[in-house]
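The primary structure of each chain is shown beneath.
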Amino acid sequence: MDGEHSALSGVERERERLPPIYNSSPPAGLGRGAKQPFPSLGTFISTLSQRRDMAGRGLAGGIMGNLTGNHGLRHGRELPPICSNVRQKHRLSIDTLPPEVKAPFPSDPIIPLRTKTTKEFQEDMEHALQSGDWREVREFYLTTFDSFIEINAAFKREANGLFNTIEDSGVNTKFVNAVYDALLNTPQDIQKSVLKGIINSLLREWKGPRTKDDLRAYFILVQNPQYSSTSTYVIYAHLLRQIAALSEADHHFLVHWFKKLSARRFRQLVERLLQFISTRLFPAEPDEFPPLSKCAWWIPSATKVLSLFNAANSVSSPPIMSFTDFYNITLEHIDFMEDYRSWQNYGNSNRFSFCQFPFILSTVVKKAIIQKDSEQQMISQARQSLVSKVSRRQRVDMNLLFLNIKVRRAQLLSDSLDELTRKRCDLKKKLRVTFVGEAGLDMGGLTKEWFLLLVRQIFHTDYGMFTYMKDSRCHWFSSWKCDNYSEFQLVGTLMGLAVYNSIALDIHFPLYCYRKLLTPPTVPCDQNALVGMANATLDDLQQIMPELAHGLGELLSYEGNVEEDFYLTFQVFQEEMGVVKSYNLKPGGDKIPVTKQNRKEYVQLYVDFLLNKSIYKQFAAFYHGFHSVCASDALMLLRPEEVEMLVCGSPELDMSALQKAAQYEGYSKTDATVRCFWDVVLAFPLELQKKLLHFATGSDRVPVGGMADLNFKIAKIDVPTDWLPISHTCFNQICLPPYRTRKELKQKLTIAISNAEGFGLE
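Every chain begins its residue count from 1, and numbering advances along the sequence as written. A pLDDT threshold of at least 70 governs which residues receive local features in this predicted model, and a stricter bar of 80 or more applies before side-chain atom pairs are shown or counted, although totals over entire chains, interfaces and linings include all residues. With hydrogens and water set aside, each side-chain value is computed from the structure's full complement of heavy atoms.

1. Some points on the overall build of the chain
Phase 1 of the analysis: Helix and strand content of the chain: 29 helices and ten strands.
Phase 2 of the analysis: When a residue's accessible area, from a 1.4 Å probe over protein chains only, is under 20% of the maximum for its type it is buried; when over 50% it is exposed; and in between it is partly exposed. Each of the 762 residues in the chain was classed as buried or not, and the buried ones make up 49%.
Phase 3 of the analysis: Whether two residues are in contact is decided by their heavy atoms, any of which lying within 4.5 Å being enough. In the chain, once contacts between residues fewer than 6 apart in sequence are set aside, the share between residues at least 24 apart is 71%.
Phase 4 of the analysis: Split by element, the accessible area of the chain, about 38,800 Å² in all, is 52% carbon and sulfur. Helical segments are the DSSP runs of H or I of at least four residues, strand segments are the runs of E of at least two, and each set is numbered from the N terminus. All accessibility values rest on the Shrake-Rupley procedure with a 1.4 Å probe; residue burial counts only the protein chains present in the view.

2. Section: the nonpolar core
Phase 1 of the analysis: Judged by nonpolar contacts, the single largest core of 172 residues is most densely connected at Tyr141 and Trp450.
Phase 2 of the analysis: Once residues within four sequence positions are removed from consideration, Tyr141 is found in contact with Phe121, Val179, Ala182, Leu183, Thr186, Ile190 and Val194.
Phase 3 of the analysis: The set of buried Ala, Val, Leu, Ile, Met, Phe, Trp, Tyr and Cys residues whose side-chain atoms join them within 4.5 Å is what this entry labels a nonpolar core. Within the second largest apolar cluster, 29 residues are counted, among which are Leu653, Phe677, Phe695 and Phe712.

3. A short note on helix α29 (residues 742–754)
Phase 1 of the analysis: By definition here, a helix of n residues has an expected span of 1.5 Å times n minus one. Over its 13 residues, α29 extends 18 Å from the first C-alpha to the last, a length consistent with the 18 Å expected when each residue adds 1.5 Å.
Phase 2 of the analysis: Among the residues of α29, Glu744, Leu745, Lys748, Leu749, Ala752 and Ile753 are the ones counted as buried. End-on view of α29: buried residues confined to an arc of 140 degrees, all on one side of the axis.
Phase 3 of the analysis: Along its buried surface, α29 packs onto α27 (672–683), α28 (686–697) and β10 (733–736). In this description, one arc is meant: the one made by directions from the helix axis to the C-beta atoms.

4. A closer look at the pairing of strand β8 (residues 713–716)
Phase 1 of the analysis: The pairing of strand β7 (residues 663–665) with β8 spans three bridges and is parallel. Among the inter-strand pairings, Glu665 is bridged to a residue of β8, identified as Ala715.
Phase 2 of the analysis: In short, DSSP must find at least two bridges between two strands for them to pair. Taken together, the four bridges between β8 and β10 define a ladder with parallel strand orientation. Looking at the pairing, Ile714 lines up with Ile734 of β10.

5. Some points on the pattern of salt bridges
Phase 1 of the analysis: Salt bridges, as used here, are contacts in which a Lys or Arg side-chain nitrogen is within 4 Å of a carboxyl oxygen on Asp or Glu. Summed over all chains, the structure comprises 25 salt bridges.
Phase 2 of the analysis: A salt bridge links Glu136 to Lys116; the nearest nitrogen and oxygen atoms lie 3.9 Å apart. With a gap of 20 residues between them, Glu136 in helix α5 (residues 135–144) and Lys116 in the loop between α3 (59–68) and α4 (118–131) connect regions that are remote in the sequence.
Phase 3 of the analysis: Ionic contacts of the salt-bridge type, sharing partners, join the residues Lys116, Asp124 and Glu136 into one network.

6. Observations regarding the environment of Phe266
Phase 1 of the analysis: Mapped onto the secondary structure, Phe266 falls in helix α12 (residues 263–281).
Phase 2 of the analysis: Among all residues touching Phe266, those that are not within four sequence positions of it are Phe258, Leu261, Phe309, Ala312, Asn313, Ile320, Met321 and Phe326.

7. Quick word on the UniProt feature "active site" (unreviewed entry) in the chain
Phase 1 of the analysis: Using the residue numbers shown here, the UniProt feature "active site" (unreviewed entry) corresponds to Cys730.
Phase 2 of the analysis: One can find Cys730 in the loop between β9 (726–728) and β10.
Phase 3 of the analysis: Residue classification places Cys730 among the buried residues on the basis of a relative accessible area of 16%. UniProt positions are given in the numbering used here, feature names are shortened, and annotations may be inferred rather than shown by experiment.

8. A look at the packing of helix α11 (residues 248–258) against helix α13 (residues 298–315)
Angle between the axes and distance between the axes are the two parameters that describe a pair of packed helices.
Phase 1 of the analysis: Look at α11 against α13: their axes get within 8 Å of each other, and the N-to-C directions meet at 60 degrees. By the angle between their axes, α11 is oblique relative to α13. In terms of crossing hand, the pair formed by α11 and α13 is right-handed. The segment α11 lies against α13, with His251, Leu254, Val255 and Phe258 engaging Leu308, Phe309, Ala311, Ala312 and Val315.
Phase 2 of the analysis: When grouped by side-chain class, the residues that make up the contact of α11 with α13 number eight nonpolar, one polar and no charged. Lines are fitted to the C-alpha atoms to define the axes, a helix being fitted only along its stretch in contact, and any angle between axes, read from their N-to-C directions, falls within 0 to 180 degrees. In what follows, roughly perpendicular refers to angles from 65 to 115 degrees, roughly parallel to angles under 35, roughly antiparallel to angles over 145, and oblique to any angle outside these ranges. Two helices that cross are described as forming a left-handed crossing if the nearer one is turned anticlockwise from the farther one by less than a right angle, and a right-handed crossing if clockwise. Following the grouping adopted for this structure description, the nonpolar residues are Ala, Val, Leu, Ile, Met, Phe, Trp, Tyr, Cys and Pro, the charged ones are Asp, Glu, Lys and Arg, and the polar ones are all others, Gly among them.

9. Comments concerning unusual backbone geometry
Phase 1 of the analysis: The amide bond that connects Ser317 to the next residue, Pro318, takes the cis arrangement and shows omega of 0 degrees.
Phase 2 of the analysis: Relative to the helices and strands, Pro318 is located in the loop between α13 and α14 (336–346).
Phase 3 of the analysis: A cis amide bond, omega -10 degrees, links Thr519 with the succeeding residue Pro520.
Phase 4 of the analysis: Not every positive phi belongs to a glycine, and Phe163 is a case in point at roughly 50 degrees.

10. Some words on the sheet that holds β9
Phase 1 of the analysis: Strand order in this open sheet of four strands is β7-β8-β10-β9, and the pairing throughout is mixed. Sheet topology places β7 and β9 at the edges, where each strand pairs with a single neighbour. Ignoring which end each strand starts from, the neighbouring axes of this sheet average 25 degrees apart.
Phase 2 of the analysis: Lying over the sheet, α27 contacts β7, β8 and β10, oriented at roughly 120 degrees with respect to β10.
Phase 3 of the analysis: Most of the contacts of α28 go to β9, to which it runs at about 60 degrees, and overall it touches β9 and β10.

11. Side note on the confidence of the model for the chain
Phase 1 of the analysis: On average, the chain scores 83 in pLDDT, and the residues at 70 or more come to 83%.
Phase 2 of the analysis: pLDDT under 50 marks residues 1–106. Its contacts with residues more than four places away, or in other chains, come to 119 contacts.
Phase 3 of the analysis: Of the regions scoring below 50 in pLDDT, residues 758–762 engages in 16 contacts with residues more than four places distant in sequence or in other chains. Values of pLDDT, ranging from 0 to 100, describe the predictor's confidence in every residue of the model.

12. A short note on α27
Phase 1 of the analysis: Helix length check: α27, at twelve residues, gives a terminal C-alpha distance of 17 Å against a target of 16 Å (1.5 Å per residue), a fit within 8%.
Phase 2 of the analysis: When we look at burial in α27, the residues that qualify are Thr673, Val674, Cys676, Phe677, Trp678, Val680 and Val681.

13. Notes on the pairing of strand β3 (residues 466–469)
Regular strands place side chains that alternate from one sheet face to the opposite one.
Phase 1 of the analysis: Pairing analysis gives four bridges linking β3 to strand β4 (residues 474–477), with the strands arranged antiparallel. Bridging across to β4, Met469 finds its partner in Cys474.
Phase 2 of the analysis: Here β3 folds back onto β4, and the loop between the two strands holds four residues, one of which, Arg473, carries a positive phi near 55 degrees.

14. Focus: the packing of aromatic side chains
Phase 1 of the analysis: A pair of Phe, Tyr and Trp rings is counted when the ring centres sit within 6.5 Å of each other, with Trp represented by its six-membered ring. The angle between the planes then sorts it: under 30 degrees is stacked, over 60 is edge-to-face, the rest tilted. In total, this model carries 52 aromatic pairs according to the counting rule given.
Phase 2 of the analysis: Between Phe266 and Phe309 the ring centres are 5.4 Å apart and the planes differ by 65 degrees, which places this aromatic pair in the edge-to-face class. Here Phe309 lies in helix α13 and Phe266 lies in helix α12, a separation of 43 residues in the sequence. Here Phe266 and Phe309 have matching classes, each one buried.
Phase 3 of the analysis: By way of ring pairs, the aromatic residues Phe459, Phe466, Trp476, Phe477, Trp480, Tyr485, Phe488, Phe509, Tyr512, Tyr514, Phe619 and Phe622 are connected into one cluster.
Phase 4 of the analysis: The ring of Phe253 has Lys212 sitting right over it, with the charged end atom 4.5 Å from the ring centre. Ring-over charges, as used throughout, are those where CZ of Arg or NZ of Lys falls within 6 Å of the ring centre and within 35 degrees of the ring normal.

15. Structural notes on the side chain of Asp213
Phase 1 of the analysis: In this fold, Asp213 is placed in helix α9 (residues 212–221).
Phase 2 of the analysis: Taking relative accessible area as the criterion, Asp213 reaches 13% and is therefore assigned buried.
Phase 3 of the analysis: Of note is the side chain of Asp213, whose polar atom sits 2.8 Å from the side chain of Lys156.
Phase 4 of the analysis: Once residues lying within four places of it in the same chain are set aside, the contact partners of Asp213 are Ile111, Asn152 and Lys156. Think of a polar contact as two N or O atoms within 3.5 Å of one another; within protein, one of them needs to be a possible hydrogen donor and the other a possible acceptor, and neighboring residues in sequence only count if both atoms come from side chains.

16. A word on the side chain of Asn152
Phase 1 of the analysis: For Asn152, the position within the fold is in helix α6 (residues 148–155).
Phase 2 of the analysis: Reaching out from Asn152, the side chain makes a polar contact with the backbone oxygen of Phe148 at a distance of 2.9 Å.
Phase 3 of the analysis: Beyond its immediate stretch of four places on either side in the chain, Asn152 contacts Ile111, Asp213, Arg216 and Ala217.

17. Concerning the state of the cysteines
Note on terminology: a disulfide is the covalent bond linking the sulfur atoms of two cysteines.
Phase 1 of the analysis: Note on terminology: pairs of cysteine sulfur atoms within 2.5 Å are recorded as disulfides. For the structure shown, the criterion picks out zero disulfides.
Phase 2 of the analysis: Note on Cys513: no disulfide assigned, nearest cysteine sulfur contributed by Cys648 at a separation of 9.3 Å.
Phase 3 of the analysis: Judged by relative accessible area, Cys513 falls into the buried class, the value being 0%.

Following this line, the structure appears as structure tokens:
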């Protein structure tokens, strides 16, 4: 007997006690078969308390009592026909009944009135804890979680209020929190009764769409803290399955209700779902759960529900949690390439893959997918070159396997542009850089320096391609017009090559730039299709030109006469290479005044002009350059923040983490020289720490996986102590002579890292 069956066996035993009429297969057309624990006739309108009330109401009460009181069934949606196969001689309509008999038939069950307040419940708990008498509390939990209707009766602010809006769930959140906070402090029999009630509720057979009361019940049930225990996972899985199967409209309501939860409880629910997925993937005991073949729907259901919380987080301003808190680190240990290939083949069909829900995949996983996808493309490119040579019986040159870039330091930019343009068919091969006139074998270090020097030159203000925004400390595209935008394409290609070859660049673009880069994430087949035209808002402009964004914000909130006081038209002016030019934001814009009525349109058009239209050709070249290298479906998995992380790495240096991950050759971590080294480095200011990282690795940025991914090594070199430290950037290695004092080490290390440009023999 598997875990799921044993958890539900109690309900099956209850069903066996039902009279024959309720323990048989439902009539044709009602429900989905006899295997369900409750028949598809449904349960009936009255509750137990109502049955007691109706006992004295005469014939009507007696009939209803016979229908409901004898079978232990509660709260139905609709009564079945008493005898569906009897042909009636006369069909009565409600219009033929006398007025005193007419009554509106409720579309939803009547919710019983429950009056217990949060304060009264807490007093009951205090009394139970002090006296050991749990009767009152037991009765409350037993009744409340018996059905969806009772859940609404207990926790809905007004028993029969509608609350049909996304803004208000109608739930008494304070009471729900109090009841759940107390639950785990109650005796085991009470906790078991709650779970049994939830089972009864979930095993009902549903007909038709859910009501808002049903959604409220799901909203309340998913917050139950008992699901943190693996012993309740079977019940939790069934709850998640039903929530995942709700309609899109119902999900829309839940998303907006979830975002109203407190940050602490929201985080708890997200962490519980992540833990559920991790534990199902890698259970502590092999037999802890039913076989995976019998519950393959567990993980898809949980992931879909988690996506509702992710959506709630996304529509919250500011977000309740960081998007990185939705990452499931466990997925770094699955065959994610198989998952990726499945997603490529089947897309967002009914076949589940984690790639359908990329918010759950960490940047480490996404980077690995892109790298492996890139490797496959690199291998394919190299194989095609080799096959072509062999088929023509030409001598095979191993240089065919690489993208070989030869540049002169004095002509770095023009040489790089020429090389990349000439070898654009080889961009997906492994990059190898040679500086003309310098002895060196590129094992990675020269490539890093080439990127570093090229980026530094391209983004220099004198060059004019990009404007440095002092207020926001970022670069933005210059709007000057020219006949050739190939240099912007070069920058895009560089960024693509950096991602492709796992090089972190010291580039300072605003986040909006990376959103444009993913608009769309794959290059359109139609060559005339617009690219990079991401929807631009005032918040996006705030990232780049905060002062202008502030001024436009004041225009939007101005209470006076906009037309007379601002004297603006739908025409803007822009300086390009020292010349001021005017542009109409719409046809005839220079003759259209900005008023209180059209100022929102003016601001929207102005922002779109600045961030999209005025730089369209520059950015389109940049976009196509990037995607000429990184043309991968994997880009569809990325958020703009994650693209930025892949391109730039992280600027946050944690030297303590580097110390923990460091490896040693010729030294041990307890040697005096090593101890002095870390004392000096940890005391360095940030600028010197960056220089050290650049000296040892060729980049001052931290890769996606953190310091541990650097494979940083400290090696001993047997030379006199008057030598400076040396480095092998291709191996992320620093070589230290056996310095005897901390002062000596600090002096020599500071000199070395401050004069580290240019490569000798690697």
